[in-house]
Amino acid sequence: MHVRNGNLKAYAVMAKRRWAAAPDVPTIDEAGVPGLYASFWHGLWVPKGTPTELVARLNSAVQAALADATVRQRFADQGQDVPPREQQTPEALAAQQRAEIEKWWPILKAANIKGE
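Rules used in this analysis
- Residues numbered from 1 in each chain as written.
- Predicted model: local features only at pLDDT ≥ 70, side-chain atom pairs only at ≥ 80, totals over all residues.
- Heavy atoms only, no water.
- Helix = DSSP H or I, 4+ residues; strand = E, 2+ residues; numbered from the N terminus.
- Expected span 1.5 Å × (residues − 1).
- Bend = angle between axes of the 7 residues up to and from the residue.
- Axes fitted to C-alpha atoms, helices over the stretch in contact; angles between N-to-C directions.
- Parallel < 35°, antiparallel > 145°, perpendicular 65-115°, else oblique.
- Contact = heavy atoms within 4.5 Å.
- Phe/Tyr/Trp six-rings, centres within 6.5 Å; stacked < 30°, edge-to-face > 60°.
- pLDDT = per-residue confidence, 0-100.
- Salt bridge = Lys/Arg side-chain N within 4 Å of Asp/Glu carboxyl O.
- Buried < 20%, exposed > 50% of the residue type's maximum accessible area, 1.4 Å probe, protein only.

### Thoughts on helix 3 (residues 90-110)
Residues that lie three or four places apart on an α-helix share one face, since the helix turns once every 3.6 residues.
Thought 1: The end-to-end C-alpha separation of helix 3 is 30 Å, in line with the 30 Å expected for 21 residues at 1.5 Å each.
Thought 2: At Trp104, helix 3 is deflected by roughly 35°, the largest bend along its length, and proline Pro106 occurs up to four residues later in sequence.
Thought 3: Of the residues flanking the end of helix 3, it is Asn112, one or two places downstream, whose phi is positive at about 60°.

### Considering unusual backbone geometry
Thought 1: Non-glycine residue Asn112 carries a positive phi angle of around 60°.
Thought 2: You can see Asn112 is positioned in the segment after helix 3.

### Some remarks on the packing of helix 1 (residues 52-67) against helix 2 (residues 69-77)
Thought 1: One way to put it is that helix 1 packs onto helix 2 with a least axis distance of 5 Å and a crossing angle of 75°. The angle between the axes of helix 1 and helix 2 places the two elements in the roughly perpendicular class. The segment helix 1 lies against helix 2, with Ala65, Leu66 and Ala67 engaging Ala69, Val71, Arg72 and Phe75.

### A word on the packing of aromatic side chains
Thought 1: Within this structure, the stated rule accounts for 2 aromatic pairs.
Thought 2: Seen in terms of ring centroids, Trp19 and Phe40 are 5.4 Å apart; in terms of plane orientation they differ by 40°. Their pairing is tilted. With Trp19 in the segment before helix 1 and Phe40 in the segment before helix 1, the pair connects residues that are 21 residues apart, well separated along the chain.

### A closer look at the confidence of the model for the chain
Thought 1: Chain-level statistics for the chain give a pLDDT mean of 91 and a share of 99% at 70 or above.
Thought 2: Mean pLDDT values for the elements of the chain range from 92 in helix 2 up to 97 in helix 1.

### Observations concerning the pattern of salt bridges
Thought 1: Scanning all chains against the criterion turns up 2 salt bridges.
Thought 2: The salt bridge involving Asp81 is made with Arg17; its shortest N-O contact spans 2.5 Å. Residue Asp81 is located in the loop between helix 2 and helix 3, and its partner Arg17 is located in the segment before helix 1; the two are separated by 64 residues in the primary sequence. Residue Asp81 shares its accessibility class with Arg17, and that shared class is exposed.
Thought 3: Residues Arg18 and Glu30 are paired through a salt bridge, measuring 3.0 Å at the closest nitrogen-oxygen approach. With Arg18 in the segment before helix 1 and Glu30 in the segment before helix 1, this residue pair connects regions lying 12 residues apart in the sequence.

Structure, rendered in structure tokens:
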């Protein structure tokens, strides 16, 4: 939104391909910093020990929402992709979270960044 209305200058998107929401903004590779990728992703977590039936019902509701054309368009308008249905599972979310931790933890540690 701020880029579209001219209040903010975007130099690159941290993705392998240009975003549909900002097609004139180059990728990080095109901007000369290859390989520095970050993605938008969302998830819902529940407390440990939540009954699997409840997790399944919640996941089913999320999948139904993500299949809705209006919701999908809202994501697209913000330059975000809706993951394919096979990636809309608790197991896929756990794998995504593990991969992000493995990717970013060494960088945080090397920079001595700590939570408050």
